[in-house]
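Working through the structure, step by step
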Amino acid sequence: MTEKFKGACLCGDVQYEVTGPFKAFHVCHCSQCRRSTGTAHASNIFTTEDNIKWLSGEDQVKRYDPEEPGVISKAFCTHCGSLVPYLSAKSGMLIIPAGGLSEDPGITPQDNIFWKDRADWYDAVPGAPRFDGFPIK
Ligand SMILES: [Zn+2]
Ligand SMILES: [Zn+2]
């Protein structure tokens, strides 16, 4: 069954709608994904290229395509810097940063990839205390 999911960047200028069901959901801990996202890992949903409709701000999306082979590309909102979906030249797949979606995508991560490259501090994350907002002092 096809289902549509909306997504957006932090400032809201870039809005899109992607169509599921999706092919894969990988959490990637490689050093490139860590640098690119500024956090522990990328959380990427994979689908085919025709499964996206830009609702606004497409002209505000910039792609980063490195010259060096083997370095990942990315796309982001030029106003707020949030990652947005992009077509991977290497795999030909549309890569959707899962955190940008406004709704439950109906798929959960199937694996952690590049696990051996995870941040030194990552193993402490699942066991760290949980708060519904900022910790109360
Ligand atoms: Zn934005
Ligand atoms: Zn990666």
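Below or above, wherever it landed, is the structure these notes cover. (Residues numbered from 1 in each chain as written. Chains lettered and ligands numbered in written order. Predicted model: local features only at pLDDT ≥ 70, side-chain atom pairs only at ≥ 80, totals over all residues. Heavy atoms only, no water.)

Distances from the zinc ion (ligand 2) to its protein donors, Cys28 (SG), Cys30 (SG) and Cys33 (SG), fall within 2.1 to 2.3 Å. Mapped onto the sequence, the donors of the zinc ion (ligand 2) take the spacing C-x1-C-x2-C. Accessibility classification places Cys28 together with Cys30 in one group, the buried group. (Donors = N, O, S within 2.8 Å, 3.2 Å for Na, K, Ca; no water. Buried < 20%, exposed > 50% of the residue type's maximum accessible area, 1.4 Å probe, protein only.)

Attention now moves to the sheet that holds strand 9 (residues 93-97). Adjacent strands of a sheet pair through backbone hydrogen bonds, lying either parallel or antiparallel. In space, the 5 strands of this open sheet follow the order 8-9-4-3-10, with mixed pairing throughout. Each of the sheet's edge strands pairs with one partner strand only, and the pair in question is strand 8 (86-87) and strand 10 (111-113). In this structure, strand 3 (residues 24-28) lies alongside strand 10, joined through 3 bridges in parallel fashion. Looking across to strand 10, one finds that Cys28 is bridged to Ile113. (Pairing = 2+ DSSP bridges. Helix = DSSP H or I, 4+ residues; strand = E, 2+ residues; numbered from the N terminus.)

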